[in-house]
Amino acid sequence: MDVQGTFRFVNRKVIVFLHDRICETPEELMSSELFSEIVTRFVGDLKHKQSPLLQIFGKQTKEITHADIQELIQVFQVLGKMTLDAVPKLIEKGERFIADPSLLHVFVESLYNYWRQFERFIVCDSTGDRLDQRPYRTFNSTIESLTHLVRQTYRDIEENITGQHPNIYRQISAGAELAVIALSKNLALPEGIYQKLRNIPIIRQILLYPPLLLNPPMNKRTGKFEQITQNPIEHIEVTTREWLCYPAKVGPFLILVYVHEKFYDLGLSLCNLFELADDEFLNRPIDAVYLFGVPGTELDTLAPMPTVFYEDPEHDLITAACPNRDEFGYFGYLKKMVLTLHNIKTMKLGRMPYHGALVRIVTKGDCPLTVLIIGDTGTGKSETLEAFRIIGEDQIEEMIIIADDMGSLDIDQEGNVIGYGTEVGAFVRLDDLQPGYAFGQLDRSIIMNPNQVNARIVLPVTTYEHVMKGYSVDMVLYANNYEEIDDEHPIIERLVTPETALHIFREGTAMSKGTTTSTGLVHTYFVNVFGAIQYKTLHDEIARRFFEAFFRNKVFVGQLRTRLGIVGSERQGPEEAAQALLSMISQKGE
């Protein structure tokens, strides 16, 4: 839609690159190269389908030429201002396009829908103009203007064809769905092979229209991330114009996530999960670099599973990479690798990473309690906490999410175990949430694969201040989603020794819920294949130290039977687990 910029089609994505201005009038829009390309592609699609809509050209399908398409665009330009009867007066042979007004009307409607089927992105290049210093004005004059302009053009043409105004106006997002302001920035990348990345634009601001519906090619993750002995960046050729960098604040760490244009939809969704690093944070040393969507087959030679990471001791950072094939087009490969890098850096500092949810609960009796629920994906952590929020509405004064999925533990100078988070958002399953559960704010969400098993939403749930504040941990619970409850197996069971607790947490037993390609009852070391299992010896040493600290400080350590993995208990189980947790917290406050 841009006169001065450029654009690219990548599968079902349209990426528009802007430096200055965007179309401001319907005439400019319909004169643009992108409009011509969209109409041309649409006609080509209709030819492939042998669609009767092509009858508006008044000739055989195989006889339709580029000149015919350009003449149709001229018809649209007339209809943007005038009614049907003006077309034959202004365009020679234009009467053929208006011979059947109802058919032309359907053609325009179908063209509009064809455009909206693309995932649409605007990248504002801020180099030399510092658009990032006035982001709202930049976004308002690009993505907002484009949305109104496309809708206006479509409605003007429709009304001039039908001679009627619509009775219902649906204000759908007809322009771009996501926009970014990006610029080249001199980051503290090490010399040598890392300089391949130096000219990739760094995202400074993002604008999106939530709720946003995305349909990435995969809805599950498989395997674990492989540690390799070679730096993957050595094997990768980087075409700068195909990449953007999302600089993420992941807990205390700065992780540069480089996203290939094939996966812009997934990469830009990080804005609902990790805080975007500001200029001050970008002055820190870089902790890790992740290239998500590497073209070619270079990574296949490095490991059986080409989702790889490498520890670079010379530069004290970790590098990681993932191919750009469809099979890796799932947000989990993006999020979980970033968290793996966080966890490795955490263990190197002597802290314990955890895979779980950490929540600060304050009841109306002013009894604050910080609860850590450790569990694999699909074991009922989020479901139980959301049920807890609903059930305990009258008793809870405040409920602060510190970590939804991953975080770390440290021991302070007084010997207390302190918990931290990583993400400001959550990547939550929709399948098991009750209707009416409002985990965070759904109107800010990005929804992925809504019509499939393991449908997910990415949405903000906390602030970076809460993630990094540090809260003393009072309860540590293992989310057991596979055992029924009875007299011997209560919903909440206290574990009496560090050895017993370590055994249960180390075994990591869970009933798979279809969030990965695993099925049935599975065992995962500390339910954490994200760094812990790759650094098992180091993690074992750290875990023993922390579990001894739990019991020394009289932290409640136990199992929480959510029963999420038991057929028929998917909703009742988390609700009853939440009720038991609420009762226990209430008793502590008395």
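Residues numbered from 1 in each chain as written. Predicted model: local features only at pLDDT ≥ 70, side-chain atom pairs only at ≥ 80, totals over all residues. Heavy atoms only, no water.

A. Region of the structure containing the overall build of the protein chain. Of regular secondary structure, the protein chain possesses 15 helices and 27 strands. Relative to a compact globule of 590 residues, whose C-alpha radius of gyration would be 25 Å, the protein chain shows 27 Å and is just as compact. Burial status across the protein chain gives 58% buried among its 590 residues. Of the contacts formed within the protein chain by residues at least 6 apart in sequence, a portion of 75% connects residues at least 24 apart. Here the protein chain has roughly 24,200 Å² of accessible surface; of this, 47% comes from carbon and sulfur atoms. Taken together, the 58 basic and 79 acidic charged side chains of the protein chain have centroids lying 2 Å from each other. (Helix = DSSP H or I, 4+ residues; strand = E, 2+ residues; numbered from the N terminus. Rg over C-alpha atoms; globule rule 2.2 N^0.38 Å. Buried < 20%, exposed > 50% of the residue type's maximum accessible area, 1.4 Å probe, protein only. Contact = heavy atoms within 4.5 Å. Areas by Shrake-Rupley, 256 points an atom, 1.4 Å probe, with all protein chains shown as cover. Lys, Arg positive; Asp, Glu negative; His and termini not counted. Charge placed at Lys NZ, Arg CZ, Asp CG, Glu CD.)

B. Quick look at the sheet that holds strand β19 (residues 425–429). Reading across the sheet, the 4 strands line up as β6-β20-β21-β19 and stay open at both edges, with mixed pairing between neighbours. Each edge of the open sheet carries a strand with a single partner, namely β6 (212–214) and β19. With strand direction ignored, the average angle separating the axes of adjacent strands in the sheet is 20°. When strand β20 (residues 446–448) meets strand β21 (residues 456–460), the two strands line up antiparallel, connected through 3 bridges. If you follow Ile446 over to β21, its bridge partner there is Val458. (Pairing = 2+ DSSP bridges. Axes fitted to C-alpha atoms, helices over the stretch in contact; angles between N-to-C directions.)

C. Quick look at the pattern of salt bridges. According to the stated counting rule, one finds 26 salt bridges in the structure shown. The shortest N-O distance in the salt bridge between Arg561 and Glu483 comes to 2.8 Å. A residue pair is termed long-range when its members are at least 10 positions apart, and Arg561 in strand β27 (residues 556–561) and Glu483 in the loop between β23 (475–480) and β24 (492–494) qualify at 78 residues. For Arg561, a relative accessible area of 1% translates into the label buried. In this structure Glu483 comes out as partly exposed when scored by relative accessible area, which is 23%. Through salt bridges with shared partners, a single network forms among Lys59, Asp68, Glu71 and Arg96. (Salt bridge = Lys/Arg side-chain N within 4 Å of Asp/Glu carboxyl O.)

D. Examining the packing of aromatic side chains more closely. Throughout the structure, instances matching the rule amount to 22 aromatic pairs. For the ring pair Phe7 and Phe9, a centre distance of 6.0 Å and an interplane angle of 90° mean the geometry is edge-to-face. Under the relative-accessibility criterion, Phe7 is labelled partly exposed at 23%. For Phe9, a relative accessible area of 17% translates into the label buried. With a centroid separation of 6.2 Å and an interplanar angle of 75°, the aromatic rings of Phe121 and Tyr264 are classed as edge-to-face. Of the two residues, Phe121 sits in strand β3 (residues 119–125) while Tyr264 sits in helix α8 (residues 264–268), which places them 143 residues apart along the sequence. (Phe/Tyr/Trp six-rings, centres within 6.5 Å; stacked < 30°, edge-to-face > 60°.)

E. Region of the structure containing helix α13 (residues 498–507). Those residues of α13 that fall on the buried side of the exposure criterion are Pro498, Ala501, Leu502, Ile504 and Phe505. Considered in projection along α13, the buried side chains sweep an arc of 165° and stay on one side of the axis. As for α13, its buried residues are in contact with β15 (368–374), β23, α14 (536–552) and β27. Two residues or fewer after α13 comes Gly508, characterised by a positive phi angle close to 60°. (Arc of directions from axis to C-beta.)

F. A look at the side chain of Arg96. On the secondary structure map, Arg96 appears in helix α5 (residues 95–98). In this structure the side chain of Arg96 is engaged in a polar contact, spanning 2.8 Å, whose partner is the backbone oxygen of Phe57. A distance of 3.5 Å separates the side chain of Arg96 from the backbone oxygen of Lys93, its partner in a polar contact. Leaving out residues up to four positions away in the same chain, Arg96 has contacts with Ile56, Phe57, Lys59, Asp68 and Glu71. (Polar contact = N/O pair within 3.5 Å; in protein donor to acceptor, adjacent residues only side chain to side chain.)

G. Summary view of the packing of helix α2 (residues 33–49) against helix α6 (residues 101–117). Axis separation between α2 and α6 bottoms out at 10 Å; the angle between their running directions is 110°. Put simply, α2 runs roughly perpendicular to α6. Contacts from Leu34, Ile38, Val39, Arg41, Phe42, Val43, Asp45 and Leu46 in α2 reach Phe107, Ser110, Leu111, Tyr114 and Trp115 in α6. Across the contact of α2 with α6, the residue classes tally to 10 nonpolar, 1 polar and 2 charged. (Parallel < 35°, antiparallel > 145°, perpendicular 65-115°, else oblique. Nonpolar A, V, L, I, M, F, W, Y, C, P; charged D, E, K, R; others polar.)

H. How the structure looks around the nonpolar core. Counting 87 residues, the largest nonpolar core has Tyr290 and Phe505 as its most contacted members. Looking at this core, the element that brings in the most residues is helix α10 (residues 331–348), giving 9 residues. Setting aside anything within four residues of it in sequence, one finds Phe505 in contact with Ile374, Val476, Leu477, Tyr478, Leu495, Phe526, Val527, Phe547, Val557 and Gly558. One finds Ile64, Ile69, Val108 and Ile161 within the second-largest nonpolar core, a separate group that totals 57 residues. (Core = buried A, V, L, I, M, F, W, Y, C linked by side-chain atoms within 4.5 Å.)

I. Layout of unusual backbone geometry. In this structure, the amide linkage connecting Pro210 to the following residue, Pro211, adopts the cis form with an omega of -10°. Its location among the elements puts Pro211 in the loop between β5 (202–208) and β6. Positive phi values are uncommon outside glycine, yet Asn11 reaches one of about 55°. Taking the relative accessible area as the measure of exposure, Asn11 reaches 53% and is therefore exposed.

J. Quick look at the confidence of the model for the protein chain. In this model, the protein chain carries an average pLDDT of 90, and 93% of its residues clear a pLDDT of 70 or more. Confidence drops under a pLDDT of 50 for residues 1–5, and excluding neighbours within four residues, the segment shows 20 contacts in the predicted structure. Counting contacts from residues 434–440, a segment whose pLDDT is below 50, to residues more than four positions away or on other chains yields 20 contacts. (pLDDT = per-residue confidence, 0-100.)

K. Molecular detail of a negative patch on the surface. Residues Glu275, Asp278, Glu280 and Glu465 make up a contiguous surface patch of negative charge. Here Glu280 is to be found in helix α9 (residues 279–282). According to the relative accessible area criterion, Glu280 is exposed, its value standing at 66%. (Patch = residues over 30% accessible without salt bridge, like charges linked within 9 Å, V, L, I, M, F, W, Y side chains within 5 Å.)

L. Up close: the pairing of β27. With 6 of 6 residues buried, β27 lies mostly within the body of the structure. The alternating pattern of β27 places Phe556, Gly558 and Leu560 on one face and Val557, Gln559 and Arg561 on the opposite face, and all of these are buried. Bridging between β23 and β27 involves 6 bridges; their strand directions are parallel. Paired with Leu477 across the strands is Gly558, a residue of β27. Note: β24 against β27, 3 bridges, orientation antiparallel. In the sheet register, Arg494 faces β27, and the bridge partner there is Gly558.

M. Looking closely at the environment of Gly520. Structurally, the position occupied by Gly520 is in the loop between β25 (509–511) and β26 (521–523). Residue classification places Gly520 among the partly exposed residues on the basis of a relative accessible area of 32%. Along the sequence, Gly520 and Tyr482 sit 38 residues apart, while their C-alpha atoms lie 9.8 Å from each other. Beyond its immediate sequence surroundings of up to four residues, Gly520 is in contact with Ala510, Met511 and Ser512.

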